[in-house]
Amino acid sequence: MYTGGVKFANDVKIIDSNFTNNYAKYSASAVEATMIEIVNSTFSKNIGEYGTIDANGDLKVTGSHFMNNNCTYYGTLYVVGNCIVENTTFTANYAKNGAAIYLNYGKNLILRVESSEFSDCSSKNGGGAIYCKSRDAYLNNVSIINCSSALGGGINQDSGSLT
């Protein structure tokens, strides 16, 4: 199977939804799209090589929960565009890089996380909670609890600023 839920869609909006026990061998386990907005939704026990959510553009997540997702290479949220996360929890997620959020290269792109919690997330290489490549990151009222990794148990940032 190439993706578990939604594949190659544009401008996807997910509201009050549940994605549980999805599997994808060569893709994201739940959603792969260009522009994604997720509101009040739960993603749990999904397994995918490239995240639970693969946003090839901007991603906005509000009031959602990500629990016990296992991603072979990149985080539960794998994002190439801007990423905004508000009032969201990430619990016991795993990936080789950036267990909860993995942000790929991008000039003038940002990560903004507000009023959110990361707990018991782990990655093998870098970013127990967040792995941020070449972009600025803004965190406000964020808790990172008991997350672990070889580099940056909470956050691994290659370059850019962290505020």
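Scroll up for the structure.
Read on for a plain summary of the structure.

## Notes on the packing of aromatic side chains
And step 1. By the definition in use, this model includes eleven aromatic pairs.
And step 2. Linked through ring pairs, Tyr50, Tyr73, Tyr74, Tyr78, Tyr102 and Tyr131 together constitute an aromatic cluster.

## Observations regarding the pattern of salt bridges
Opposite charge on two side chains permits pairing when their charged atoms draw close.
And step 1. One pass over the full model with this rule turns up three salt bridges.
And step 2. One salt bridge connects Lys13 with Glu37, and the closest N-O pair in it is separated by 3.8 Å. Here the residue Lys13 occupies a position in strand β2 (residues 12–15), and Glu37 occupies one in strand β6 (residues 36–39), the gap between them amounting to 24 residues.
And step 3. One salt bridge in this structure joins Arg112 and Glu114, with 3.2 Å as the shortest N-O distance.
And step 4. Given the relative accessible area of 27%, Glu114 is considered partly exposed.
And step 5. Through salt bridges with shared partners, one network takes in Glu86, Arg112 and Glu114.

About the thresholds
Residue numbers restart at each chain and count upward from 1, following the sequence in its written direction. Reporting in this predicted model follows two pLDDT cut-offs: at least 70 for local features of residues, and 80 or more for side-chain atom pairs to be given and counted; totals over whole chains, interfaces and linings ignore these cut-offs and use all residues. Side-chain measures were taken over the full set of non-hydrogen atoms in the model, leaving aside hydrogen atoms and water. Any pair of Phe, Tyr and Trp rings, taking the six-membered ring for Trp, is counted once the centres come within 6.5 Å. Such a pair is stacked with planes under 30 degrees apart, edge-to-face with planes over 60 apart, and tilted for the rest. Just to be clear on terms, a salt bridge is a Lys or Arg side-chain nitrogen sitting within 4 Å of an Asp or Glu carboxyl oxygen. Secondary structure is summarised from DSSP: a helix means a run of H or I of at least four residues, a strand means a run of E of at least two, and numbering begins at the N terminus for each. Exposure is judged per residue with a 1.4 Å probe applied to protein chains only, and the accessible area is read against the type maximum: over 50% gives exposed, under 20% gives buried, and values in between give partly exposed.

Geometry only, nothing functional implied.
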